[in-house]
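# Structural description and commentary
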Amino acid sequence: MKSTRRSDKNRADKYSGRAAAMLDQYHWEKPDAHFLALMESGALTIADIRELTWAQLRNSYEGLFIRDIPVNLRPDYLDEIRALLKDGKGFYGEELYGEGGSPRLFSKETLKNITKELDQFKG
């Protein structure tokens, strides 16, 4: 994993609080909600999440790990991620363990829309 720039880390810290408020105040589509839950955890930057593939997630008894980083998600989101990993289907119905390699967690459209929402949120 490449090193995280300070500006990316500061942005992730700022967005962590915004993401928590957005999750509490509004209903989101499943991919959007999971993106916000990952941002709320503060474990990854937006740049990290953009590049994230399903193969980089590891579910264990100790919890969910992304690139060997423990990620603390709200229980509902953790359960949904675990169910998706078990079923082998992503947020958009894509195959997680197919011959085409591991797909990214989020589509470019989802990333674009939810990042815009985060930037504009004044909660």
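Note: the structure precedes this text.
What this report covers is the structure whose coordinates are included nearby. (Residues numbered from 1 in each chain as written. Predicted model: local features only at pLDDT ≥ 70, side-chain atom pairs only at ≥ 80, totals over all residues. Heavy atoms only, no water.)

### Side note on the overall build of the chain
Of the regular secondary structure elements, the chain holds 5 helices and 3 strands. Secondary structure elements of the chain, listed N to C terminal, follow the sequence α-α-α-β-β-β-α-α. Radius of gyration (C-alpha) of the chain: 14 Å, near the 14 Å computed for a compact globule of 123 residues. For the C-alpha atoms alone, the extent of the chain along its principal axes is close to 40 × 35 × 30 Å. In the chain, which comprises 123 residues, the share counted as buried stands at 43%. Within the chain, residue pairs in contact and separated by at least 24 positions form 60% of the contacts whose partners lie at least 6 positions apart. Accessible area of the chain: about 7,400 Å², with a carbon and sulfur share of 47%. In the chain, 20 side chains carry a positive charge and 20 a negative one; their mean positions are 7 Å apart. (Helix = DSSP H or I, 4+ residues; strand = E, 2+ residues; numbered from the N terminus. Rg over C-alpha atoms; globule rule 2.2 N^0.38 Å. Buried < 20%, exposed > 50% of the residue type's maximum accessible area, 1.4 Å probe, protein only. Contact = heavy atoms within 4.5 Å. Areas by Shrake-Rupley, 256 points an atom, 1.4 Å probe, with all protein chains shown as cover. Lys, Arg positive; Asp, Glu negative; His and termini not counted. Charge placed at Lys NZ, Arg CZ, Asp CG, Glu CD.)

### Re the pattern of salt bridges
Under the defined criterion, the tally for this structure stands at 6 salt bridges. For Asp-24, the salt bridge identified is with Arg-74, shortest N-O distance 2.9 Å. In this pair, Asp-24 sits in helix H1 (residues 6–25) while Arg-74 sits in the loop between strand E3 (69–71) and helix H4 (75–87), placing the two residues 50 residues apart along the sequence. Note that Lys-89 is salt-bridged to Glu-95, the shortest N-O span being 2.4 Å. (Salt bridge = Lys/Arg side-chain N within 4 Å of Asp/Glu carboxyl O.)

### Some remarks on the side chain of Thr-53
Relative to the helices and strands, Thr-53 resides in the loop between helix H3 (46–51) and strand E1 (57–60). Residue Thr-53 is classed as buried on the basis of its relative accessible area of 17%. Among residues more than four places away in sequence, those in contact with Thr-53 are Ser-102, Pro-103, Arg-104 and Leu-105.

### Describing the environment of Asp-76
Here Asp-76 is to be found in helix H4. Accessibility expressed as a relative area gives 57% for Asp-76, which makes it exposed. As for Asp-76 and His-34, which are separated by 42 residues in sequence, their C-alpha atoms are 10.0 Å apart.

### Section: the packing of helix H2 (residues 30–41) against H4
One way to put it is that H2 packs onto H4 with a least axis distance of 11 Å and a crossing angle of 120°. Classified by the angle their axes make, H2 and H4 are oblique. Considering how the two elements wind past one another, H2 and H4 form a crossing that is left-handed. Residue-level contacts link Lys-30, Ala-33, His-34 and Ala-37 of H2 to Tyr-77, Glu-80 and Ile-81 of H4. Residue composition of the contact of H2 with H4, grouped by class: 4 nonpolar, 1 polar and 2 charged. (Axes fitted to C-alpha atoms, helices over the stretch in contact; angles between N-to-C directions. Parallel < 35°, antiparallel > 145°, perpendicular 65-115°, else oblique. Left-handed = near helix turned anticlockwise from the far one by under 90°. Nonpolar A, V, L, I, M, F, W, Y, C, P; charged D, E, K, R; others polar.)

### A short note on the nonpolar core
Core analysis: the largest hydrophobic core is formed by 36 residues, its most contacted members being Phe-35, Leu-38, Met-39, Trp-54, Leu-57 and Leu-73. The set of elements that each furnish at least two residues to this core consists of H1, H2, H3, strand E2 (63–66), H4 and helix H5 (108–120). Here Leu-57 is in contact with Leu-52, Leu-64, Phe-65, Ile-66, Ile-81, Leu-85 and Leu-105, once residues within four sequence places are set aside. (Core = buried A, V, L, I, M, F, W, Y, C linked by side-chain atoms within 4.5 Å.)

### A closer look at the environment of Ala-20
Inspection of the secondary structure assignment puts Ala-20 in helix H1. Relative accessible area serves as the criterion here: at 17%, Ala-20 is assigned to the buried category. As a C-alpha pair, Ala-20 and Leu-36 span 16 residues in sequence and 7.2 Å in three-dimensional space. Those residues in contact with Ala-20 that sit more than four places away from it in its chain are Glu-40 and Arg-74.

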